[in-house]
Amino acid sequence: LSGLPRLVESPTRLVTVLGGQGRLVSWGLVSAIATLALDVVLVRSYCATGGAIANGLGQTVATIGVCAIAMRGFGFNLDWSFNFRVVAAAAVMALVVAAFSRGVPPAVALVLGPVLGVVVYGLAMRWFRLLGAEDAPRLAAVERSLPAPARRPFRLAAAWCGAPIG
């Protein structure tokens with residue numbers, strides 16, 4: 001979830017500018033402890049899958065906390081529609097990859113599962129309209145950090161998802 005900057009960038013900036021860094025640091029520590037506790041519980045039973053679930057849940061807890069701090073303490077208004085679409089896109093991707101992974105040998109799931117996840121999440125980003133023109137400057141910065149051969153495909157993918165770069 002926190003991979004999409006629009007989701008937490010604005011509340012984090014607001015809280016920081018208004019002097020709430022202490023709250024952010026405290027919540028970051030709580031989130032880290034929650035993630036480690038989930039790791040201890042889930043990795044024992046589910047190995048790498050448990051670690052991935054723990055990490056995702058930990059990031060979700062961190063994101064919700066930052067948004068709650070910004071809303072309660074600093075009057076931030078959350079775009080619930082956007083947040084719902086982010087969660088829906090992630091859920092679609094997770095369900096498709098999980099269903100695929102259950103039907104193929106583990107080695108095939110290991111190699112093709114992430115590729116399928118990227119493709120499905122890209123489709124979901126377009127379908128749920130997660131990216132827009134306002135995301136282009138951030139994506140342009142990402143594009144500049146990529147190796148030259150990857151820049152054109154990245155630019156095309158960003159435009160296809162709704163955020164044309166330059």
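About the thresholds
Residues numbered from 1 in each chain as written. Predicted model: local features only at pLDDT ≥ 70, side-chain atom pairs only at ≥ 80, totals over all residues. Heavy atoms only, no water. Helix = DSSP H or I, 4+ residues; strand = E, 2+ residues; numbered from the N terminus. Expected span 1.5 Å × (residues − 1). Buried < 20%, exposed > 50% of the residue type's maximum accessible area, 1.4 Å probe, protein only. Polar contact = N/O pair within 3.5 Å; in protein donor to acceptor, adjacent residues only side chain to side chain. Patch = residues over 30% accessible without salt bridge, like charges linked within 9 Å, V, L, I, M, F, W, Y side chains within 5 Å. Areas by Shrake-Rupley, 256 points an atom, 1.4 Å probe, with all protein chains shown as cover. Salt bridge = Lys/Arg side-chain N within 4 Å of Asp/Glu carboxyl O. Phe/Tyr/Trp six-rings, centres within 6.5 Å; stacked < 30°, edge-to-face > 60°. pLDDT = per-residue confidence, 0-100. Arc of directions from axis to C-beta. Contact = heavy atoms within 4.5 Å.

**Student:** Which parts of the structure should I look at to understand helix α6 (residues 148-161)?
**Tutor:** Residues spaced three or four apart along an α-helix point in a common direction, a consequence of the helix completing one turn every 3.6 residues. Compared with the 20 Å implied by 1.5 Å per residue over 14 residues, the 21 Å span of α6 between its first and last C-alpha is a close match. After α6 finishes, the residue Gly-162 shows a positive phi value of roughly 115 degrees.

**Student:** I tried to follow the side chain of Asp-135 on my own but got confused; where do I start?
**Tutor:** Summarising the element assignment, Asp-135 is placed in the loop between α4 (106-127) and α5 (136-145). Asp-135 sits in the buried class, given a relative accessible area of 6%. At 2.9 Å, the side chain of Asp-135 and the backbone nitrogen of Gly-132 are in polar contact. A distance of 3.1 Å separates polar atoms of two side chains, one belonging to Asp-135 and the other to Arg-138.

**Student:** What am I meant to see in the environment of Arg-85 here?
**Tutor:** Positionally, Arg-85 belongs in helix α3 (residues 80-102). Sequence separation of Arg-85 and Phe-128 is 43 residues, and the distance between their C-alpha atoms is 5.8 Å.

**Student:** Got a minute to help me understand a nonpolar patch on the surface in this structure?
**Tutor:** There is a patch of nonpolar side chains on the surface, built from Val-108, Leu-110, Val-111 and Leu-112 and spanning about 370 Å² of accessible area. Secondary-structure assignment places Leu-112 in helix α4.

**Student:** What is the right way to read the environment of Leu-18 from this model?
**Tutor:** Secondary-structure assignment places Leu-18 in the loop between α1 (5-17) and α2 (21-74). For Leu-18, a relative accessible area of 48% puts it in the partly exposed group.

**Student:** How should the pattern of salt bridges be read in this particular structure?
**Tutor:** Pairing between side chains becomes possible if they bear opposite charge and their charged atoms approach one another. Here the structure, examined in full by the defined rule, presents two salt bridges. One salt bridge in this structure joins Arg-138 and Asp-135, with 3.1 Å as the shortest N-O distance. On the basis of relative accessible area, Arg-138 is assigned to the partly exposed category, the value being 28%. Across the pair Glu-143 and Arg-155 runs a salt bridge whose closest N-O atoms are separated by 2.6 Å. Here Arg-155 lies in helix α6 and Glu-143 lies in helix α5, a separation of twelve residues in the sequence. When its relative accessible area of 9% is taken as the criterion, Glu-143 is described as buried.

**Student:** How should I be thinking about the packing of aromatic side chains in this particular structure?
**Tutor:** Scanning the model with the defined rule gives one aromatic pair in all. Ring centres 4.8 Å apart and planes at 45 degrees place the aromatic pair Trp-127 and Phe-128 in the tilted group. Look at Trp-127 and you get exposed, because its relative accessible area is 64%. In this structure Phe-128 comes out as buried when scored by relative accessible area, which is 17%.

**Student:** Got a minute to help me understand the confidence of the model for the protein chain in this structure?
**Tutor:** Residues shown with low pLDDT carry predicted positions that ought not to be read at fine detail. Summing up the model confidence of the protein chain, the mean pLDDT is 89 and the portion of residues at 70 or higher is 95%. The lowest-confidence element of the protein chain is α1, averaging 75 in pLDDT; the highest-confidence one is α4, averaging 94.

**Student:** Where do I start with α5 in this structure?
**Tutor:** Every buried residue of α5 is listed here: Ala-136, Leu-139, Ala-140 and Glu-143. End-on view of α5: buried residues confined to an arc of 105 degrees, all on one side of the axis. Across from the buried face of α5, at angles greater than 90 degrees, the exposed residues are Pro-137, Arg-144 and Ser-145. The inward-facing, buried residues of α5 contact α6.

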